[in-house]
Amino acid sequence: MTSLDIVFILVAVVTGGAAVMTVTSRNLVHAALFLGVTLAGIGATFLLLAADFVAMVQVVVYLGAITVLFLFGLMLTRAPIGRETLDSRNRPMAMVVSAALFGILVVLIVRAFGSNQFPATEPISSSVADLGMAIFSTWVFPFEVVSMMLLAALVGAVLLARRQSGDSGTETRVTPIREALDDSTEELDRAPAELGSGGER
Amino acid sequence: MEAGLQALDYAWLVVLLPFVAAVVIAAFGRLMPLKGSEVGIAAMAIAWVTSLVIGFQTFANGPVDALEQTFWTAPVGGLTIEFGQYVDGLTAMMLVLVTTVSLLVQLYSREYMHGEDRFTYFFAMLSLFTFSMLVLVIAPNTLQAIVGWELVGVCSYLLIGYYWREKSNVDAANKAFLVTKFADIGLLVGVIVLSVGVSAHTDNVFSISETIELAMAGELSSLTVIMGCLFIFLGAVGKSGQMPLHVWLPDAMAGPTPVSALIHAATMVTAGVFFVARLYPVFIQELVVMNVIAIVGVITLFFAGFLAIVQDDIKKVLAYSTVSQLGYMMAALGVGGYTAGIFHLFTHGFFKALLFLGSGSLIHAIHSNNMSDMGGMRRYMPWTFVTFLIGSLALAGFPLTAGFFSKDEILVSAQIWADNGLAMGTWVFWLGLAGALVTTFYMARSIFLIFFGEHRGVPARPSARTVADIEAEEASGVLDPQAEGEDLAQAAHDPDTSPTTGLGGHHAPHESGWQILTALVVLAVLSFPVGLAGGFLWDEVGGSTERNFETWTATHAIEEATYPFLPGADEHSEEGGEGEHAEEEGADEGEAAGLPGGPDDVALAAGPATTVLAAESAEGEISNHVLHGAPEFHLDVFVLALIAFLAAVAGAWAIYGRGHRERDPVLHMGGLTTVLVNKYYLDDIGYRGVVVPIRDHLAPATSWSSNVVLDGIVKGVGGGVKRLANVTYHTVDQKIIDGGVNGAAFSAAWWSNKLKHLQSGDVQRYAGAMLAGVIVLVVVFAAAR
Amino acid sequence: MTLIGPLVLAAFLFCVGLYGVMARRNAVLVLISVELMLNAVNINLVAFQNLVWTGDADATGQVFALFVIVVAAAEVGVGLAIVFNMFRNRASINIDDADLMRW
């Protein structure tokens, strides 16, 4: 057990715990913030695995951008808070399936890689230059494809999220398909009007 | 690649450009300042220059080895369809002819079609039409040739029916399409027969060059060659307007005049002659094939000429003239005159285009197709007169014009054929001579009727359309697509011409504009040198006997081809072209046969000309090689042709030269006129022989047999089956089968009602179920290891 | 340092994410859970890259991790746009409200 192992275990515990909090938190904003902690932990894991550039990208993209994006998403949709509304009735099934899968995965991982050690020496930090060379030589075509995909996703997201033309600035009043959610019906009915008046226009 | 032949690599460009032009015009033509015509003309000009370079290079180096290239192969089942180019002298000649005529026709159409509704469409179609013909011309295999051949048919259909508002034009287009289509079946069958024959020896079954090689090597069976060639010839008969399938050609005059010029000079009717020439080494393998070609050709050239005499419509005169000239070409090919036939094709292309465009110029000015409405035009339209006169002289074979050389060459070829003891040569010679006389007569008649005498304006004959008729038609909104209507429609668009509408003779007709005249003058000027290129005066005007039309268009295959049915063929093939003994035998026989009815020295004079390899073989021998050499000057033929020419002109002058006559003698020859006016009743025979029997006899008979015999059987069987079915229905079907089916349906409904709840619409449950399945699978596989 | 450490962590994160995907009603939370799963994959990629490290310019695993990050970013963008659309049309982003495809 090297010092590296100890550090890793600490990081792993924090990461795992934050992940669990992410999926169980009753507060949406807390969930998003715990996601941030989880992502930071994963970034630390990357550092421990000597992937410093990936770690940096992880921090910049995930922590810096995606977490904020989620927070905005949560705020804009103003979802209600509470276990009943946040968790579906599939929760028991999800628990069983996930636990079973985790158990099986752990068994398989230990059986398959239990004896593997990383190279005895300290992990060599792969330089950014190597990464760049790999991306722009071997993987240049996938790289271009990915960039095209990113562009397409950008356009698609804009197209999907923009307000439909022809509205007079307020949200069209819509009714949920299923009115049967009695406890939240009132709230749902009020929502469009609030949004219309509370909007920037 | 031989030195000096680099341009051949770019023959595909000549083909591609018109296609690109057609697409561009169709797509963007309406947006362009000149409505797309500039694109067509520019593309055609580039193609024309390219063709000229190709033409000159092949001319300077001829005979050249064919350049065969494949650009694209499409495997279809076991076959491979190839598209490529096959460029030799013959191809180069056709490229020059087609692009030249097409370029001038397009320039001409700029003025002629000015103001038409579908001006842009018209130019797109012209380019497409040219493209189609060029695809055929450079085809390296018969399949590509068929593609081009059919495209030509479709384009001609679209252009003949250009004035589609008038039903008669649509009928004409349909007729042209159906008649040529009928003949195309022959082409298809012929190509298949040949390819099956070839397939025994090579995989490339459609290759023209391989077919020719195998045929020359005698590898193809006699039956294959006869059947294949005769069926292909049927296709050529239809496309090239040979009797009796020429009936579509005069009706095709319904199209605009530039289209007529294009069809008759370059892009359509020449296809049949060209294709026969392309496969010529195959055709010459069998005497019966040659004889059929010669017979059809000679019948066509002789009888079609008479039809032209009685026509009043100038375009119909020219149409029958074309049929007749095509007969000359076919007859020449049928008597071994390869060079003569395609030389006539070449020269005819120029002067027939000239004549059609000239007639278009007249129609443009007069607004009538009828010669009886013209008269005295030489005063109003001097340029048109001079050029039309030149074209007519060339067609009639006046000395030093293009037609003179080519027609004399055909006659000389026929003479040589006769010298070789083949009777068909005699027939072609004398009937060809008579046909030349007829040709001269009807052209002289046309010239006198159109350009001399007084301008007649609208004729008094009740059969003719009066101004009132036409105006009434115009008022009723019916656009008459015949030339009169076409010009009225145009006059309506064109303020320049409408006041001078020549109907009624109130206004003097005026000369056409520069675009029309340019085309006319260029073609008129060309009518001389194109003849010299192959004529026997070539060396006397400073050319070289080493380089003439013969060396231009002859391929090596043609040079080496021999007639198996001529004496000496066996020895020849054994000794690889050195069978001198056999050639001497042939010479003896040829001299012994002489020219029936002709002077004795004709045969002797014909001697040297008959052999292609004149330089290599001894003087005075007749080989069994293909007669593709440029014949030398034959005084007797020249004199006979000139006498025929002068006699015909004199006759025409005697009848028409002294002003207009109320009674046109050719229309008052009793039964003969009746026969001619009714076009030998060929259309009627077609109608009564094919349409009526099918409609009135075959169809009712079929109907009766269907109603009585077949229905009886059917009803009897039906009744019995019905009774059996009743029994089956009530017992087997209702009780057993229906019970089973209903039971199955009910059980399916019950189960699906239960199972539908699995489809909850809850994606998370789906995900969970999927994951559970994955877990099970992982466990199973892990346990299995 | 052992290999199984990162691998087990990855497996754990993956299963937690899976749980979130299946158990959460809120569509944004589902997306968040999906991010967890994607990150678990990235850990695996980087870990195995480290295992087979040869010292040359061989960074395939890390390159793939970067690609996955890019794809995940795109996925979040499109996913959130879809969620907004859904919210606009139905005033609800509950997954189990979107059951038009049920029987």
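Rules behind the numbers
- Residues numbered from 1 in each chain as written.
- Chains lettered and ligands numbered in written order.
- Predicted model: local features only at pLDDT ≥ 70, side-chain atom pairs only at ≥ 80, totals over all residues.
- Heavy atoms only, no water.
- Helix = DSSP H or I, 4+ residues; strand = E, 2+ residues; numbered from the N terminus.
- Contact = heavy atoms within 4.5 Å.
- Areas by Shrake-Rupley, 256 points an atom, 1.4 Å probe, with all protein chains shown as cover.
- pLDDT = per-residue confidence, 0-100.
- Buried area = accessible area lost by both parts, 1.4 Å probe.
- Polar contact = N/O pair within 3.5 Å; in protein donor to acceptor, adjacent residues only side chain to side chain.
- Phe/Tyr/Trp six-rings, centres within 6.5 Å; stacked < 30°, edge-to-face > 60°.
- Buried < 20%, exposed > 50% of the residue type's maximum accessible area, 1.4 Å probe, protein only.
- Core = buried A, V, L, I, M, F, W, Y, C linked by side-chain atoms within 4.5 Å.
- Salt bridge = Lys/Arg side-chain N within 4 Å of Asp/Glu carboxyl O.
- Nonpolar A, V, L, I, M, F, W, Y, C, P; charged D, E, K, R; others polar.
- Expected span 1.5 Å × (residues − 1).
- Axes fitted to C-alpha atoms, helices over the stretch in contact; angles between N-to-C directions.
- Parallel < 35°, antiparallel > 145°, perpendicular 65-115°, else oblique.
- Left-handed = near helix turned anticlockwise from the far one by under 90°.
- Patch = residues over 30% accessible without salt bridge, like charges linked within 9 Å, V, L, I, M, F, W, Y side chains within 5 Å.

1. Observations concerning the overall build of chain C
So, step 1. Summing up its helical and strand segments, chain C has three helices and zero strands in all.
So, step 2. Starting at the N terminus, the α and β elements of chain C follow one another as α-α-α.
So, step 3. In chain C, the proportion of contacts linking residues at least 24 apart, taken out of those at least 6 apart, comes to 55%.
So, step 4. Accessible surface for chain C amounts to roughly 3,000 Å². Of this, 71% is attributable to carbon and sulfur atoms.

2. Examining the confidence of the model for chain B
All names here are of chain B.
So, step 1. Here chain B averages 72 in pLDDT, and 72% of its residues register 70 or above.
So, step 2. Contacts for the low-pLDDT stretch residues 537-543, under 50 throughout, to residues beyond four places or in other chains number 13 contacts.
So, step 3. pLDDT under 50 marks residues 568-626. Its contacts with residues more than four places away, or in other chains, come to 95 contacts.

3. Concerning the interface of chain C and chain A
So, step 1. If you look at the interface, chain C gives 76 residues, while chain A gives 91 residues.
So, step 2. Overall, the association of chain C and chain A removes approximately 7,800 Å² of surface from exposure, summing both partners, and the carbon and sulfur fraction of that is 75%.
So, step 3. The tally of links from chain C across to chain A stands at eight residue pairs in polar contact (both at pLDDT 80 or more).
So, step 4. Secondary structure elements with two or more residues in the side of chain C that touches chain A: α1 (4-23), α2 (27-51) and α3 (60-90) of chain C.
So, step 5. Looking at the side of chain C that touches chain A, the element that brings in the most residues is α3(C), giving 26 residues.

4. Section: the packing of aromatic side chains
All names here are of chain B.
So, step 1. According to the stated counting rule, one finds 17 aromatic pairs over all chains in the structure shown.
So, step 2. Ring plane angle 40° and centroid distance 4.7 Å describe the contact between Phe19 and Phe131, whose orientation is recorded as tilted. Here Phe19, found in helix α1 (residues 11-28), pairs with Phe131, found in helix α4 (residues 119-137); they are 112 residues apart in sequence, far enough to count as distant.
So, step 3. On the accessibility criterion, Phe19 (33% relative accessible area) is partly exposed.
So, step 4. With relative accessibility at 13%, the residue Phe131 sits in the buried group.

5. Examining the nonpolar core
So, step 1. Formed by 193 residues in total, the largest nonpolar core has its most connected members in B:Ile54, B:Phe233, B:Leu279, B:Phe283 and B:Ile450.
So, step 2. Sort the elements by how many residues they give to this core and helix α15 (residues 338-366) of chain B lands first, with 16 residues.
So, step 3. Excluding anything up to four places from it in sequence, B:Ile54 contacts B:Ala7, B:Leu8, B:Tyr10, B:Ala11, B:Val14, B:Val87, B:Ala92 and B:Leu95.
So, step 4. In terms of nonpolar packing, the next biggest core, distinct from the first, is built from 75 residues, A:Leu74, A:Val97, C:Ile69 and C:Ala72 among them.

6. Considerations on the pattern of salt bridges
Residues and elements named next belong to chain B.
So, step 1. Enumeration over the complete set of coordinates arrives at two salt bridges over all chains.
So, step 2. Of the charged contacts, one joins Arg278 and Asp88 as a salt bridge, the two residues approaching to 3.0 Å between their closest N and O atoms. Linking Arg278 in helix α11 (residues 269-278) with Asp88 in the loop between β2 (79-87) and α3 (89-112), this pair joins segments that are 190 residues apart in sequence. Take Arg278 and Asp88: they sit in the same class, and that class is buried.
So, step 3. A salt bridge links Lys181 to Glu150; the nearest nitrogen and oxygen atoms lie 2.6 Å apart. Note that Lys181 is positioned in helix α6 (residues 167-199) and Glu150 in helix α5 (residues 142-160), a separation of 31 residues in sequence.
So, step 4. Residue Lys181 is classed as partly exposed on the basis of its relative accessible area of 32%.
So, step 5. What makes Glu150 partly exposed here is its relative accessible area of 21%.

7. Some points on the interface of chain C and chain B
So, step 1. The partner chain B presents ten residues to the 13 residues of chain C that form the contact.
So, step 2. At the boundary of chain C and chain B, one finds zero salt bridges.
So, step 3. Here chain C and chain B share two residue pairs in polar contact (both at pLDDT 80 or more) between them.
So, step 4. The residue makeup of the side of chain C that touches chain B, split by class, is nine nonpolar, no polar and four charged.

8. Let's talk about α5(B)
So, step 1. Here α5(B) contains 19 residues, and its C-alpha end-to-end distance of 26 Å stays within 8% of the 27 Å for a straight helix at 1.5 Å per residue.
So, step 2. Its side-chain oxygen 3.2 Å from the backbone nitrogen of B:Leu143, B:Asn141 forms the N-cap of α5(B).

9. Digging into the packing of helix α7 (residues 140-161) of chain A against α3(C)
Helix-helix packing is described using two parameters, namely the angle between the two axes and the distance between the axes.
So, step 1. Running from N to C, α7(A) and α3(C) cross one another at 15°; their axes reach a closest spacing of 9 Å. Considering the angle they form, α7(A) stands roughly parallel to α3(C). The chirality of how α7(A) crosses α3(C) is left-handed. Along the contact surface, α7(A) presents A:Pro142, A:Phe143, A:Val146, A:Met149, A:Leu150, A:Ala153, A:Ala157, A:Leu160 and A:Ala161, while α3(C) presents C:Phe67, C:Val70, C:Val71, C:Ala74, C:Gly77, C:Val78, C:Ala81, C:Ile82, C:Phe84, C:Asn85 and C:Arg88.

10. Let's talk about the side chain of B:Gln85
All names here are of chain B.
So, step 1. Examined against the element boundaries, Gln85 turns out to sit in strand β2.
So, step 2. Residue classification places Gln85 among the buried positions, given a relative accessible area of 0%.
So, step 3. Among the polar contacts made by the side chain of Gln85, one reaches the main-chain amide nitrogen of Trp12 at a distance of 2.8 Å.
So, step 4. Setting aside anything within four residues of it in sequence, one finds Gln85 in contact with Leu8, Asp9, Ala11, Trp12, Leu67, Glu68, Gln69, Phe71, Ile138 and Pro140.

11. Quick notes on the side chain of C:Ser33
So, step 1. Mapped onto the secondary structure, C:Ser33 falls in helix α2.
So, step 2. A distance of 2.9 Å separates the side chain of C:Ser33 from the backbone oxygen of C:Leu29, its partner in a polar contact.

12. Observations concerning a nonpolar patch on the surface
Residue and element names in this part refer to chain B.
So, step 1. Together, Tyr10, Trp12, Leu16, Phe19, Val20, Val23, Phe71 and Trp72 line one region of the surface with nonpolar side chains, adding up to about 770 Å² of accessible area.
So, step 2. Elements supplying a minimum of two residues to the nonpolar patch: α1 and β1 (67-76).
So, step 3. Broken down by element, the residue count for the nonpolar patch peaks at five residues, all from α1.

13. Describing the confidence of the model for chain C
All names here are of chain C.
So, step 1. Predicted confidence across chain C gives a mean pLDDT of 85, with 93% of residues reaching 70 or more.
So, step 2. Element-level mean pLDDT values for chain C span from 88 in α3 up to 91 in α1.
So, step 3. Across the assembled chains, the prediction reports ipTM 0.89 with pTM 0.57.

14. Digging into the environment of B:Ala215
Residues and elements named next belong to chain B.
So, step 1. Residue placement: Ala215 occurs in helix α7 (residues 208-216).
So, step 2. For the pair Ala215 and Gly197, spaced 18 residues apart in sequence, the C-alpha separation works out to 9.7 Å.
So, step 3. Not counting residues up to four positions away in its chain, the partners in contact with Ala215 are Leu220, Pro281, Val282 and Gln285.

15. Section: the environment of B:Tyr442
All names here are of chain B.
So, step 1. When you line up the elements, Tyr442 lands in helix α19 (residues 423-451).
So, step 2. A relative accessible area of 0% means that Tyr442 is categorised as buried.
So, step 3. Taking C-alpha positions, Tyr442 is 9.2 Å from Ala396, a pair spaced 46 residues apart along the chain.
So, step 4. What Tyr442 contacts, discounting residues up to four positions off in sequence, is Gly305, Ala308, Ile309, Val317, Ser321, Ser324 and Gln325.

16. Thoughts on the environment of B:Leu262
All names here are of chain B.
So, step 1. Mapped onto the elements, Leu262 comes out in helix α10 (residues 257-267).
So, step 2. Sequence separation of Leu262 and Leu357 is 95 residues, and the distance between their C-alpha atoms is 9.5 Å.
So, step 3. Setting aside chain neighbours within four positions, we find Leu262 in contact with Val101, Ser102, Val105, Leu126, Phe129, Thr130, Thr267 and Met268.

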